[in-house]
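What follows is the residue order along each chain.
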Amino acid sequence: MATTSRFALVDCNSFYVSCERVFRPELEDVPVVVLSNNDGCVIARSKEAKALGIKMGTPYFQVKDMMERERVEVFSSNYELYGDMSRRVVSTLSQFTPNLEIYSIDECFLDLSHLRPEEVEAYGHRIRHTVERWTGIPVSVGVACTKTLAKLANRLAKKRAKAKEVLALHTPAEIEEALRESSVKDVWGIGRQHAKRLEQLNVVTAWDLSRMPEGWVKKNMAVTGLRTLLELRGQPCQDLEPETPDRKNICTSRSFGRPLTELEDIAEALSTHTVRCATKLRRQNSCATGVTVFLMTNRFAVTENVYCNSRTIQLPRPTNSELELLSRAMHLLKNMFRPGKRYVKVGIILNDLVPASEVQLDLFSNQDGEKHKKLMSTLDTLRQRFGHHALKYAVQGNKNEKDVEEEKRAPWMLQKKFLSSPYTTSLKGLLRIKT
DNA sequence: TCTGGGGTCCTAGGACCC
DNA sequence: TCTGGGGTCCTAGGACCC
């Protein structure tokens, strides 16, 4: 007899906020938000901040005054910290099952099909308590027979007070109740467009959606929509994916600290992004087949001429040499740059990645390729040891992103006014934990 | 003044081929 | 009246996720 599938979705509560709180316990029960890069938008909110009506994605400047009045604690995002905490959570979860999929920085799917139904609830609570005790991060657990239903159960685990952050859906009756309680726009895979369309047809709850004819869903929401429909009905269409598949594209882009008009400044930013991007590329042992560079002015400034352009080239052969990628990127940028505009963002995308092993032969047959390969692996080692800023190209400029003082920073560098200490990665941070 | 930064998958339609 | 009929590949754009 085939065992029924059972997925748990473990989701960290207000993850970025929780990470900051681990090292600032006095912020428990205080409203806290974390801002996106450049201190642009609110991207994480504590319960208390949500209660103040602060919405996800709100531009910081719109709620700044209110947050000061309400004494909301504000943090710039600190991705080194969050990445590190995320790895701790995953390593704790992997004690519970080897079959685990890292879905995002704050979510994991776990395969729990080996448990008997009556064990599931208690197991969920054990997961929750262990993660909290070992890492300081509070999590919620949703369990069901499909990933889509597990996501839904997770939402309800947070929402239903009596669930105490853990909810398992077993029987058809429990599933129906959960579906009726959930709005269609909260279903995993239903975004704004589909939700709008469905609501016009009076499909308001997840239950309504689950009653829709397959033909209509296939026609209007493609096969991904059909998968969602079937999963809501309890028919698994998506397996656990324990291995993170290699990325097919890798992108590095940032807004500037303030609008830029000079090509030289933008070139500094782009070259720095390119080096980062190439480092990510080599970390997954891939080579890029194409390069795209994009450059844009402020899309919100209706009075200015909005300029948003991108250029792509195919490389003569796949490469992961940042020397070659840098020269390509700079060339694309120069072609696209128009004087007299106020630019706010530049970025690079490395396209159609292929495994480095597949182009190895070609590299060997080419002397430059072989030299580049050795140089790149030396650079990677040195940077890993001494930090990303240890080795730079002249075109990147000589300013350091780690400098906090305004005059030591290049104009393109991000604003991070509310950055917490690098608790987990520096001596200073570690000392802070002890005190 | 101030509005993030990554990714994925699917489809329609055009180009091109026999 | 009726304009062949498939294939495949590529790209742009749209939808979704965190």
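As the structure is a prediction and not an experimental result, all values here were calculated from the model. (Residues numbered from 1 in each chain as written. Chains lettered and ligands numbered in written order. Predicted model: local features only at pLDDT ≥ 70, side-chain atom pairs only at ≥ 80, totals over all residues. Heavy atoms only, no water.)

Another point: the protein's contact with DNA strand B. Lining the immediate environment of DNA strand B, one finds 23 residues, of which Lys248, Cys251, Ser253, Arg254 and Ser255 sit closest. Protein-proximal atoms of DNA strand B, defined as those within 4 Å of the protein, fall in sugar or phosphate at a share of 76%. At 3.5 Å from a phosphate oxygen of DNA strand B is found a side-chain nitrogen or oxygen belonging to asparagine 249. The side chain of lysine 345 places a nitrogen or oxygen atom 3.0 Å from a phosphate oxygen of DNA strand B. Counting residues per element, the surface near DNA strand B draws most heavily on strand S9 (residues 250-260), which supplies six residues. (Near = heavy atom within 4 Å. Polar contact = N/O pair within 3.5 Å; in protein donor to acceptor, adjacent residues only side chain to side chain. Helix = DSSP H or I, 4+ residues; strand = E, 2+ residues; numbered from the N terminus.)

Before going further, it helps to examine the packing of aromatic side chains. By the definition in use, this model includes eleven aromatic pairs. Between tyrosine 60 and phenylalanine 418 the ring centres are 5.8 Å apart and the planes differ by 75 degrees, which places this aromatic pair in the edge-to-face class. With tyrosine 60 in helix H3 (residues 60-69) and phenylalanine 418 in the loop between helix H14 (367-386) and helix H15 (427-434), this pair connects stretches of sequence that are 358 residues apart. Given the relative accessible area of 25%, phenylalanine 418 is considered partly exposed. Ring centres 5.6 Å apart and planes at 85 degrees place the aromatic pair tyrosine 103 and tryptophan 188 in the edge-to-face group. On the criterion of sequence distance, the pair formed by tyrosine 103 in strand S5 (residues 100-104) and tryptophan 188 in the loop between helix H7 (172-181) and helix H8 (192-200) is long-range, its members being 85 residues apart. Each residue in the set Phe15, Tyr16, Tyr79 and Tyr82 is aromatic and connected to the rest through ring pairs, giving one cluster. The ring centre of phenylalanine 109 lies 4.8 Å from the NZ or CZ of lysine 147, which sits over that ring. The lysine or arginine in question, arginine 211, covers the ring of tryptophan 207, its NZ or CZ lying 4.4 Å from the ring centre. (Phe/Tyr/Trp six-rings, centres within 6.5 Å; stacked < 30°, edge-to-face > 60°. Buried < 20%, exposed > 50% of the residue type's maximum accessible area, 1.4 Å probe, protein only. Lys NZ or Arg CZ within 6 Å of the ring centre and 35° of its normal.)

Take the side chain of serine 271 next. Looking at the element boundaries, serine 271 is found in helix H11 (residues 263-283). Within the structure, the side chain of serine 271 is placed 2.8 Å from the backbone oxygen of alanine 267, a separation counted as a polar contact. Once residues within four sequence positions are removed from consideration, serine 271 is found in contact with Leu326, Met330, Val395 and Gln396. (Contact = heavy atoms within 4.5 Å.)

Below, the discussion takes up the pattern of salt bridges. Applying the stated rule across the entire model yields 18 salt bridges. Salt-bridge contacts for glutamate 214 lead to arginine 233; the nearest nitrogen and oxygen are separated by 3.1 Å. Residue glutamate 214 is found in helix H10 (residues 214-232), and its partner arginine 233 is found in the loop between H10 and S9; the two are separated by 19 residues along the sequence. Judged by its relative accessible area of 36%, arginine 233 is partly exposed. For aspartate 380, the salt bridge identified is with arginine 282, shortest N-O distance 2.8 Å. Residue aspartate 380 is found in helix H14, and its partner arginine 282 is found in helix H11; the two are separated by 98 residues along the sequence. (Salt bridge = Lys/Arg side-chain N within 4 Å of Asp/Glu carboxyl O.)

Taken together, 13 residues lie around DNA strand C, and Glu107, Lys151, Gly189, Gly191 and His194 are the ones closest in. Backbone atoms, meaning sugar and phosphate, form 100% of the atoms of DNA strand C found within 4 Å of the protein. Within the side chain of glutamate 107, one N or O atom sits 2.8 Å away from a sugar or linking oxygen of DNA strand C. Within the backbone of isoleucine 190, one N or O atom sits 3.3 Å away from a phosphate oxygen of DNA strand C. Contributing elements (two or more residues each) for the surface near DNA strand C: S5 and H8. Top contributing element to the surface near DNA strand C by residue count: H8, with three residues. Residue composition of the surface near DNA strand C, by class: four nonpolar, five polar and four charged. (Nonpolar A, V, L, I, M, F, W, Y, C, P; charged D, E, K, R; others polar.)

Domain boundaries assigned for chain A yield domain 1 (97-233) and domain 2 (250-356 + 370-398). For domain 1 and domain 2, the distance between their C-alpha centres works out to 38 Å. (Domains from an automatic or database assignment.)

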